[in-house]
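An overview of the molecular structure
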Amino acid sequence: MLVCISKTPDTTAKIAFTNNNSTFDTNGVTFIMNPTDEWYALVRAIEIKEQLGSGTVTVINVGPKENESIVIQKALAIGADNAVRIDATPDDAHFVAAQIAAHAESENYDIIFTGKETIDYNGSSIGGMVAELLNLPYISLANSLQLINTTTAAATREIEGGVEELEVDFPFVISAQKGMAEQRIPNMRGIMSARSKPITVLPPKAVTEFTAIIAYELPPARTQVKLIDPEHPEELIRLLHEQAKVI
Amino acid sequence: MSVLIYVNHNNDKIKKSTFETALYARKVAEMTNTNEVIAVSLGTISDSSLSVLGNYGVTKVLSDTNPLFDQFDAAVHSKALAKASQEVGAKTIVLSQNSNGKAIAPRLSIRLQAGLVAGATELPTILGNNFTVRKSVFSGKAFADIGILTPIKIVSLNPNSYPVVKGEGTAPVEAFNSGVTASDVKVRVKEVKTLTDSVPLPEAELVVSAGRGMKGPENWGMIEDLAQALGAATACSRPVADVHWRPHHEHVGQTGITIRPNLYIAIGISGAIQHLAGVNNSKVIVVINKDPEAPFFKAADYGIVGDAFEIIPKLTKAVKAFKAQNG
């Protein structure tokens, strides 16, 4: 199994930009493993391995060397067996997906996991792109995954107002979200053993970028909250109708 | 030259998100000096249901009613959509960033070697060969302008980001043969379960949400009454879903679902940053909380400081009175 993990700013990070709003200001920002990659994709892969009593969980990250200490070591401490880092800056979804696909092509993974989306670029694109590049089935936004037998898995996928129950044969790509697994905190043994697990560093493949970030902008600050007398909630209804025009 | 959209439909009905993409595509067509907006519909639906797309700026509908499409497999849908795009020479393709769009758009991006902006919030800016689309990033805390560098562009539009105004006209519906066969289907849909009878949360324009301040699941009756009076969907915060007071599909926030309704009413929710990440693109936010220091008030447009158990019944009464008057 391969789990794609990404580095993102911590949930509570202050978002600011520099260089004339062209660059994310990383000053004072703590980085973490993207939550849905860690809590759902990685943990479910490890659970499946534990259940089978066999198999390997490899994590892959496209990013600079510092990502080894920020995200890769943690993934190994939680229970991944080994890691691959593609030594490149992940600026474009197609670029990242093509790096992952290039590695996965020769490795015959049975399942390739991603998280639902990263909390920085919120694209939800990597899983689908990897699947198409490798010509594999893709289950997006899955909140459960069970193995039925050695060839087939069952999954549920969240859709608007409902869920789909699916079956798919290996190999496939799946994006994981809440419900798939529970967060695991690495224990001391995991942290110690992570140090001796192998990290393979590969140079990036030449890939055309499809998109480029031109500029960032912070949303206009919300105007100060207008407080309404709790004795007269009908005033709220009037304002929502006449002023905000939403009802 | 044309702009193509993907039609989301269910039970012979087109979803509102498709009308948003149709009107968005109509505007892009005008900006790129083409008149053609072509809608591609896959699966079982009547021509009469499709022709209403003409009211939203679509000039022609291509419909492949092969029932294979009724059970969703992103690979099959993107293959058919790519074929239609190539046949009509589409330069821009617009989808909705919903559960199907999130699965199809990235596959289509690879098939057509076309740059994708996933989660667009505004019309593109087009200057010569530069095609830039604004999207929401950092979980709603900022916007980024993304340039698409490829000749074909794909825009996946965030739901509720583009206004729907019904216009005139009908669109001719032509049969389209995508050439997809049963052997293309790899994901087998066994069952589709509906979890809600009302408006699905991601598509709702009005949402009433409640948190731990409600003290227990037995107190949700008044939340549901308010939602019903407004015609709103109900949602909840993460702690409430974690202790099973409410089902998980109602959980909005960073690890739950992201919504951007016109109106979000948060009752007894303090407004942790993880919760805000799921709702801060809502157009109008109302916060009702007994703690005047609750951080949510800083993100709110309107607020009421007070006891929800006293305020909500009064508010529901006021909504009913308003509805009675304004029909």
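As the structure is a prediction and not an experimental result, all values here were calculated from the model. (Residues numbered from 1 in each chain as written. Chains lettered and ligands numbered in written order. Predicted model: local features only at pLDDT ≥ 70, side-chain atom pairs only at ≥ 80, totals over all residues. Heavy atoms only, no water.)

Concerning the overall build of chain A
- In terms of regular secondary structure, chain A is built from six helices and 15 strands.
- With the C-alpha coordinates aligned to their principal axes, the bounding extent of chain A is approximately 65 × 45 × 40 Å.
- For chain A, buried positions account for 53% of its 247 residues.
- At a minimum sequence separation of 6, the contacts of chain A that also span at least 24 residues come to 70%.
- Surface summary for chain A: the accessible area is close to 10700 Å², and the carbon and sulfur share equals 50%. (Helix = DSSP H or I, 4+ residues; strand = E, 2+ residues; numbered from the N terminus. Buried < 20%, exposed > 50% of the residue type's maximum accessible area, 1.4 Å probe, protein only. Contact = heavy atoms within 4.5 Å. Areas by Shrake-Rupley, 256 points an atom, 1.4 Å probe, with all protein chains shown as cover.)

What to know about the interface of chain B and chain A
- In this complex, chain B contributes 86 residues to the contact, which on the side of chain A involves 77 residues.
- The junction of chain B with chain A conceals about 7100 Å² of combined surface from both sides, 60% of it contributed by carbon and sulfur atoms.
- Interface area lost by chain B to chain A is led by B:Arg107, B:Phe138 and B:Tyr302, which between them contribute 12%.
- At the boundary of chain B with chain A, the tally comes to seven salt bridges.
- A salt bridge links A:Glu217 to B:Arg134; the nearest nitrogen and oxygen atoms lie 2.9 Å apart.
- Along the contact surface separating chain B from chain A lie 34 residue pairs in polar contact (both at pLDDT 80 or more). (Buried area = accessible area lost by both parts, 1.4 Å probe. Salt bridge = Lys/Arg side-chain N within 4 Å of Asp/Glu carboxyl O. Polar contact = N/O pair within 3.5 Å; in protein donor to acceptor, adjacent residues only side chain to side chain.)

Observations regarding helix H3 (residues 74–88) of chain B
- When the terminal C-alpha atoms of H3(B) are compared, their 21 Å separation across 15 residues agrees well with the 21 Å that a helix rising 1.5 Å per residue should span.
- On the buried face of H3(B), the contacting elements are helix H4 (126–134) of chain A together with strand E1 (2–6), strand E4 (37–42), strand E5 (60–64), strand E6 (90–96) and helix H4 (99–111) of chain B.
- Looking at where H3(B) begins, the residue whose side-chain oxygen comes 3.0 Å from the main-chain nitrogen of B:Ala75 is B:Asp73.
- Count one or two residues on from H3(B) and you reach B:Gly89, which has phi positive near 65 degrees. (Expected span 1.5 Å × (residues − 1).)

Quick notes on the sheet that holds strand E18 (residues 302–305) of chain B
- Taken in spatial order, the six strands of this open sheet run E15(A)-E18(B)-E17(B)-E16(B)-E14(B)-E15(B), and their pairing is parallel. Each edge of the sheet is formed by a strand with only one pairing partner; in this case those strands are strand E15 (226–227) of chain A together with strand E15 (233–236) of chain B.
- Pairing between E15(A) and E18(B): two bridges, direction parallel. Residue A:Leu227 lies in a different strand from E18(B), and its bridge partner there is B:Gly303.
- Set on the sheet, helix H5 (residues 221–230) of chain B makes contact with strand E14 (206–210), E15 and strand E16 (263–267) of chain B; between it and E14(B) the angle comes to about 175 degrees. (Pairing = 2+ DSSP bridges. Axes fitted to C-alpha atoms, helices over the stretch in contact; angles between N-to-C directions.)

Details of the nonpolar core
- Among the nonpolar cores identified, the biggest contains 53 residues, and A:Ile100, A:Ile112, B:Leu81, B:Ile93, B:Leu95 and B:Leu108 are the most heavily contacted of them.
- Examining the composition of this core, we find that seven residues originate from one element, helix H3 (residues 93–104) of chain A, more than from any other.
- Among residues more than four places away in sequence, those in contact with B:Leu108 are B:Ser78, B:Leu81, B:Ala82, B:Ile93, B:Leu95, B:Gln113 and B:Ile154. (Core = buried A, V, L, I, M, F, W, Y, C linked by side-chain atoms within 4.5 Å.)

Quick word on the side chain of B:Thr150
- Mapped onto the secondary structure, B:Thr150 falls in the loop between strand E10 (142–148) and strand E11 (153–157).
- Look at B:Thr150 and you get buried, because its relative accessible area is 7%.
- Only 2.6 Å separates the side chain of B:Thr150 from the backbone nitrogen of B:Gly115, close enough to count as a polar contact.
- Ignoring sequence-local partners within four residues, the contact set of B:Thr150 consists of A:Phe210, B:Gln113, B:Ala114 and B:Gly115.

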